[in-house]
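Structural overview
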Amino acid sequence: MIVKSLLIILFAFLLVFVLMPLLLSSSGLDILPGGGGTSFDRGEAFLLLRSRDDGDKWDTPVFARERGDSRPAEILDVAFHPRDQKVMFAGTKSAGLWKSEDEGANWHSVKDSSSSLDQRADVYKIAMSQVRPGVMYLAAFQGNRGRVFRSEDGGSSFREIYSVSRDRVGVFDLWTPPTEPDKIVITTGEGRILASSDGGNRWRVVKTLRNPAALITMHPVFPGQGHLLTSQGEIFRTFDGAENWAELGVPRPGGSAATLRIEHPYRRVSFFQFGSSFSSSQSALDSLVIDPYNPAALWLTRGSALLSSADSGYSWREIHSLINSQGVGLGGVAAHPTRPDTILVTAGVTLYTSMDRGINWSTDPFDTRYPLREIFIHPQKPETIFLTTGR
């Protein structure tokens, strides 16, 4: 009788605390432990988080190292193949270029057959031609200098096409037009915007800035329109595919006259020719993106503030929301490629999503060791989202 009673109790326990939660969870109701957030082992320093269902569930991609491969310290960029949805590349800090051929689940280090690209390089930016996907450009830091590499075989081999003129100065960003694979525009820590129309054989100076050029972002639908961000927060605008740039100044939300500075996106301030003027305690990364549905709409993260502009950067307003009350710096911001008015922001270990341009927000906290950083949404499969982490 006692044994029978114990079996009944055991069965009831399994039914209530194991089977029922699993059934409800599989039906879409999140009642499993974790407080509604996404939980991972805090003993692991995950480089990248991936969702294939628009943020409902997340997994941790595997970076498989062979003998001699360096371990990536951080993911600096993620680029998606324009034709093969399964293929993507990741630029890393201290471990060169990595590639995935299964939608980002598994990654392996790219070995340059020409030995030009060091497997220990910092790869800041990756750009692939839309019409000739085999053409790929990298902005990298290697051999104590910023360099640009070009591949014509989809990343199997590279050749160096540009190097800065002095040590400890980086090439931080680059852009190639969708239909012009031989045109390339780069930004450098020397404060220069340079362009080449023949795949990097010859270069010309487009503009020399007072401060190092940090970020360049071009509109995905209207590629002639774009913006550039300097290390001191100045914003420039182009209407003609990066040939000419007009200075818009430093954003001052609410009409404040205070100068707001911006940290370099990858925090390599020592690579700036003009030295560092940033607080060592600042850990947030700043991002600038253009709304894919409205070329006049911009989103900018600055410290713990989220700013928006409706007139191409001439005026700005601060988005006041529950993010401000958290007291943590923002990591990255992304405008959804297929859902108008939807933006995503990372702050600390939480992903914030708004579907009404920042009025209301939903949160997805992650149990990760390091804060969330940049957000990358697959342009052909927008339900696939990647989040990077960093110290």
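Residues numbered from 1 in each chain as written. Predicted model: local features only at pLDDT ≥ 70, side-chain atom pairs only at ≥ 80, totals over all residues. Heavy atoms only, no water.

Describing the overall build of the protein
If you tally the helices and strands in the protein, you get one helix and 29 strands. Per-residue burial for the protein yields a buried fraction of 53% across its 391 residues. In the protein, once contacts between residues fewer than 6 apart in sequence are set aside, the share between residues at least 24 apart is 48%. (Helix = DSSP H or I, 4+ residues; strand = E, 2+ residues; numbered from the N terminus. Buried < 20%, exposed > 50% of the residue type's maximum accessible area, 1.4 Å probe, protein only. Contact = heavy atoms within 4.5 Å.)

Side note on the confidence of the model for the protein
Confidence in the prediction for the protein averages 84 pLDDT; 79% of positions are at 70 or higher. Low pLDDT, under 50, characterises residues 20-37; the predicted model gives this stretch 12 contacts beyond four residues in sequence or across chains. Counting contacts from residues 255-284, a segment whose pLDDT is below 50, to residues more than four positions away or on other chains yields 78 contacts. (pLDDT = per-residue confidence, 0-100.)

Looking at the sheet that holds strand β2 (residues 48-51)
Ordered in space as β2-β29-β28, the three strands form an open sheet in which the pairing is antiparallel. The sheet is open, and its two edges are formed by β2 and β28 (372-377), each paired on a single side. When the angles between neighbouring strand axes are averaged without regard to direction, this sheet yields 20 degrees. Where β2 and strand β29 (residues 385-389) come together, four bridges link them in antiparallel fashion. Note that in β29 the partner of Arg-50 across the bridge is Phe-386. (Pairing = 2+ DSSP bridges. Axes fitted to C-alpha atoms, helices over the stretch in contact; angles between N-to-C directions.)

Some points on the sheet that holds strand β15 (residues 204-208)
Strand order across the open sheet formed by four strands is β12-β13-β14-β15, with antiparallel pairing between neighbours. Single-partner strands in this sheet number two, and they are β12 (171-175) and β15. Averaged over neighbouring strand pairs, the angle between their axes works out to 25 degrees when direction is ignored. Note: strand β14 (residues 192-196) against β15, four bridges, orientation antiparallel. In the strand pairing of β15, Arg-192 is matched with Thr-208.

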